[in-house]
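Results of the structural survey
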Amino acid sequence: LKAVILIGGPQKGTRFRPLSFEVPKPLFPVAGVPMVQHHIEACAKVPGMKEILLMGFYQPHEALTRFLVSAQQEFKIPIRYLQEYAALGTGGGIYHFRDQILSGGAEAFFVLNADVCSEFPLQEMLEFRQQHGDAHSFVILGTTANRTQALNYGCIVANADTQEVQHYVEKPSTFVSEIINCGIYLFTPAIFQHIGEVFQRHQQELELEENSNGWQRAEVIRLEQDVFTALAGSGKLFVYKTDGFWSQIKSAGSAIYASRLYLNQYSKSHPERLAQNKPGGPIIRGNVYIHPTASIDSTAVLGPNVSIGEGVTVGAGVRVRESIVLHGASLHDHTCVLNTIVGWDSTIGRWARVEGTPSDPNPNDPYAKIDSETLFRDGRLTPSITILGMSPPPQLPQPLQGLSFPSCSSPGALPPGCSVTIPAEVVILNSIVLPHKELSRSYKNQIIL
C-alpha cells in the first residue's frame, strides 16, 4: 500500500490562505499540528503502508522540508514530496508520477485531498473493497449532506444494496443526491488505464484546435469530472459511506471548525494530547491543546476548542475560546479572544477584546456542512472569524486591487512572523488584519491594510 496526499498549490486561489503566504497551506496548524499531519498519521496506521507521497505545485520550501524530516522520524515511514511542473489537477498529478507511485509493486494506494479534515476510515475502506469489489475496483469515501449544500460537492448516486456508483456529477445545478464525495479515494494500478484514456482523448481534442499549447493542457485531468463521471455505472467504482466527522477546510472559519473536530477526536483517541486542570495551572474548559513550550498564567481561562502554539505567552485573567493562537503570540493580562486566529508573533494588549463571528454549520441539522462563504457579499465584508496577520485575499474588491501587501515571511526588511500589535483596551470585531500592522484604535467589520 501507498498513500498520495494532494496538497495543491498557491496558484489555485482558494478562499483561505495561510497567514504566511510563503508557507504552504497544508502546514497551517490545526489542533496543534499541521493540517496534513492528520492525514499522514492516519495513513501511517494502516497495516502494509510502505510510503507516503505528498504531491503539489508548491516550490520546495524550507518549512516543508523540515516538516517532512520531522514526520518521517515521528511516524517511522518514508515520506517524499513530488512537485508538479504545472498545475495538473487532481488526476493529472498522480498520472504524471504514476511510476513513482507504482514503484516497489504497490497493489493499491490511497489518494487524499489535503484540504479536508476527517476521521480517515482508511482501514474500513480496505475492508469494504474486499467485500464489495474485485481486485480492480475503486472506492470513494462518501458522506451525507443536506439537499441544499450537496450542490456544492460532487454528488454520488449509488445502488443501495451493492454501493456501486451508478451516477456521478460534480457540483450539479439541481439536486442529484445527498451522498457527497469526501475527496478520499482507494485506487489500484488499474486507475491509470482510465486516466490514460482521458489523457489520450484530451490530446486528440487539442490536435483539432488551432494555436493550442496542447502538451500542458492535455495533462490537466480532474478525477471528479473526467474520470469518476465515466466510471460511474461500469461496475468498477463503489462508495463507502461514513458517519464519522468530515469537513472541507476552504476558509479561515472552517480552520477553527476543523480544529474543534480534531480536538474532539483527541478526547477519544489521544486524551494525553489535551490539557487538563491541574493545581497551579490555568482553568481548562472542554478540549484544549497547549504546546509544552507555552507559558500560561494560572488565572487564565481557556476553552472550549482552543489550540495554543509553540512559545505562546498568556497573561493573567486572559479568556480564550474557539480560537487558534499560533506560535510566538503574546496575550497580555485580561485580554479576551473569541472565534479568532492569532497570527505568529502577534501581540494583544491588556484588556483588549478580539472577537469574530463563527461560521458553524446548522446545529439542528445532523447533515449540515460548513459553508465556504465568500469574503464579500453585496460589496461588504462577510462577518466571520477575526484573523490577525492574514495575507491578502485572492480577490479583493475593485478599490483595493492593485495595492501591494507584505507577506508574513517575505524576505527582506521585515522579520519572519505576522507581528500584528493590538493596543490595550480596544475592540477588534469581525476584522482581517494584514501582517506587520500596529493598530491604534478599535475596528469593526474591516480589512485593515
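Located above this text is the structure these notes cover.
To start, this report covers the structure provided alongside it. Keep in mind the model is a prediction, meaning the values are calculated, not measured.

The next subject is the sheet that holds strand β22 (residues 330-331). One open sheet holds the five strands; their spatial order is β16-β19-β22-β25-β30, and the pairing between them is parallel. Whereas interior strands pair on both sides, the edge strands pair on one side only; in this sheet they are β16 (295-296) and β30 (421-422). Direction of pairing for β16 relative to strand β19 (residues 313-314): parallel, over a ladder of two bridges. Note that in β19 the partner of Ser 295 across the bridge is Thr 313.

Now for empty space enclosed by the protein. Under the counting rule described, the total for this entry stands at one cavity of 30 Å³ or more. By volume, the largest cavity amounts to about 40 Å³. If you go around the largest cavity, the residues you meet are Gly 253, Ile 256, Arg 260, Glu 322, Asn 339, Pro 358, Ser 359, Asp 360 and Ile 385. When its residues are assigned to classes, the lining of the largest cavity shows three nonpolar, three polar and three charged.

On to unusual backbone geometry. Omega for the bond connecting Gly 303 with Pro 304 falls within 30 degrees of zero, at 0°, which places this linkage in the cis form. Its location among the elements puts Pro 304 in the loop between β17 (301-302) and β18 (306-308). Unlike most non-glycine residues, Asn 430 shows phi in positive territory, near 50°. Take Asn 430: it is sitting in the loop between β31 (427-429) and β32 (432-433). You can call Asn 430 buried: its relative accessible area is 8%. Phi is positive for His 436, which is not a glycine, with a value near 60°. One can find His 436 in the loop between β32 and β33 (443-444).

Before going further, it helps to examine the pattern of salt bridges. For the coordinates displayed, the defined rule picks out 11 salt bridges. One salt bridge in this structure joins Lys 45 and Glu 41, with 3.9 Å as the shortest N-O distance. Using a relative accessible area of 55% as the deciding quantity, one classes Lys 45 as exposed. A salt bridge links Lys 250 to Asp 115; the shortest N-O distance between them is 2.6 Å. Placement of the pair is Lys 250 in the loop between β13 (246-248) and α9 (252-269) and Asp 115 in the loop between β6 (109-113) and β7 (116-118), with a sequence separation of 135 residues.

Summarising the element assignment, His 38 is placed in helix α1 (residues 35-44). If we ignore the near neighbours within four places in the chain, the residues touching His 38 are Val 30, Ala 31, Val 33, Phe 120, Tyr 262 and Tyr 266.

The rules behind each value
- Residues numbered from 1 in each chain as written.
- Predicted model: local features only at pLDDT ≥ 70, side-chain atom pairs only at ≥ 80, totals over all residues.
- Heavy atoms only, no water.
- Pairing = 2+ DSSP bridges.
- Helix = DSSP H or I, 4+ residues; strand = E, 2+ residues; numbered from the N terminus.
- 1 Å grid on protein atoms, 1.4 Å probe; cavity = no way out; pocket = protein on both sides within 12 Å on 5 of 7 lines; lining within 4 Å.
- Points joined across faces, edges and corners; volume = space filled by probe spheres on them.
- Nonpolar A, V, L, I, M, F, W, Y, C, P; charged D, E, K, R; others polar.
- Buried < 20%, exposed > 50% of the residue type's maximum accessible area, 1.4 Å probe, protein only.
- Salt bridge = Lys/Arg side-chain N within 4 Å of Asp/Glu carboxyl O.
- Contact = heavy atoms within 4.5 Å.

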